[in-house]
Amino acid sequence: MQMKRLAIILAVFAGACVLIAGAIAATRPFATTSARGPRPPIKLKGPARTGTSPVATFRWSRADTRTSGFLCQLDRGRLTRCKSGIAYKQLRPATHTFTLIAIDAAGHRSAAAKGNTRSSPPSWSWTVTKVQPTPGKAPPSPNPTPTPNPTPTPTPTPTPNPGPTPVVKGNQTIGFAKPADKSFAEGSTTLTASASSGLSVSFDSKTASVCTTSGPNGEKVTFLAAGTCTIETTQSGDSDWNAAPPVEQSFAVAKGAQTIAFAAPAEKRLDQSPITITAGAT
């Protein structure tokens, strides 16, 4: 019975030792290396040893074909899988250390590089210094947010210059009232008409057998016979006015009233026969 209890106590103790050893290994990630692991990475290159840039990029090459991947650590952070070209951003002004480990397909880690101990894999140390602000200017942001390029505004198509607006001619009309009827006995009459443009109006007879026109603009109408006299008025326009629509008016030329002038003949003797008498009509 005592031996059985002792065996149980030893088993529990052994398990506790395994757990403690695992915990210690987890807190010391670079202590677990293997001679069977791949060779350490070569040609590790990082940023300048001293600078103000908050961004650091690292590149390297694998040393043999057994290397299947890499583990990276920044300062005292966690080990994470990484590739050559990894970049760390928003680094605070301080001294930083980058550590690199090669691993094979079985998970074996590379041994220390030449000149290093097994607990010291290839590493790169550098210092990020604080940018001294220029007097009168605010210090730059350690990681300024890039300003997106504005969308270019399309250049508007220029509107052709139409030049001066042409002045078009005005339209005009003729005012020509119907003349009063006339008697042939009156012989003639003078007509009047006007254009809205103020230009002079011309008169022309459309019934040349009854009446004719004369004068500077044909405004005098002479009667040739009784009947209907038709007069057309026109205005041809000028550089500012279009021609006016013609306007016609007609009036009657009535027959004239006439009288006969016949004076009483003087007394004659019978032997004076025949005699000649005269009379006249107006």
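Everything that follows concerns the structure shown earlier in this document.
Let us look at the structure shown here. (Residues numbered from 1 in each chain as written. Predicted model: local features only at pLDDT ≥ 70, side-chain atom pairs only at ≥ 80, totals over all residues. Heavy atoms only, no water.)

Some points on the state of the cysteines
- By the definition in use, this model includes two disulfides.
- The disulfide partner of Cys72 is Cys82, and the S-S distance across this bridge is 1.8 Å. On the S-S bond that ties Cys72 to Cys82, the torsion sits near 75 degrees, and the link is right-handed. With Cys72 in strand S4 (residues 69–74) and Cys82 in strand S5 (residues 80–82), the pair connects residues that are 10 residues apart, well separated along the chain.
- Put simply, Cys211 and Cys229 are joined by a disulfide, and their sulfur atoms are 2.0 Å apart. Taking the sign of the S-S torsion, 90 degrees for the link of Cys211 and Cys229, the bridge is right-handed. In this pair, Cys211 sits in strand S14 (residues 211–214) while Cys229 sits in strand S16 (residues 227–235), placing the two residues 18 residues apart along the sequence.
- In this structure Cys211 comes out as buried when scored by relative accessible area, which is 0%.
- On the basis of relative accessible area, Cys229 is assigned to the buried category, the value being 0%.
- With cysteine numbering restricted to those in disulfides and following the sequence, the protein chain has the pairing 1-2, 3-4. (Disulfide = S-S within 2.5 Å. Helix = DSSP H or I, 4+ residues; strand = E, 2+ residues; numbered from the N terminus. Buried < 20%, exposed > 50% of the residue type's maximum accessible area, 1.4 Å probe, protein only.)

Concerning unusual backbone geometry
- Of the consecutive residues Ser273 and Pro274, the connecting peptide bond is found in the cis state with omega at -5 degrees.
- Its location among the elements puts Pro274 in the loop between strand S18 (260–261) and strand S19 (280–281).
- Residue Asp75 is not a glycine yet carries a positive backbone phi of 55 degrees.
- Assignment of secondary structure puts Asp75 in the loop between S4 and S5.

Section: the sheet that holds strand S10 (residues 182–183)
- Reading across the sheet, the four strands line up as S10-S17-S16-S13 and stay open at both edges, with mixed pairing between neighbours. With partners counted over all chains shown, the strands left at the sheet margins are S10 and strand S13 (202–205), one partner each.
- Where S10 meets strand S17 (residues 244–254), two bridges bridge the pair, whose relative direction is parallel. Residue pairing for S17: Ser183 is matched across the bridge by Ala254. (Pairing = 2+ DSSP bridges.)

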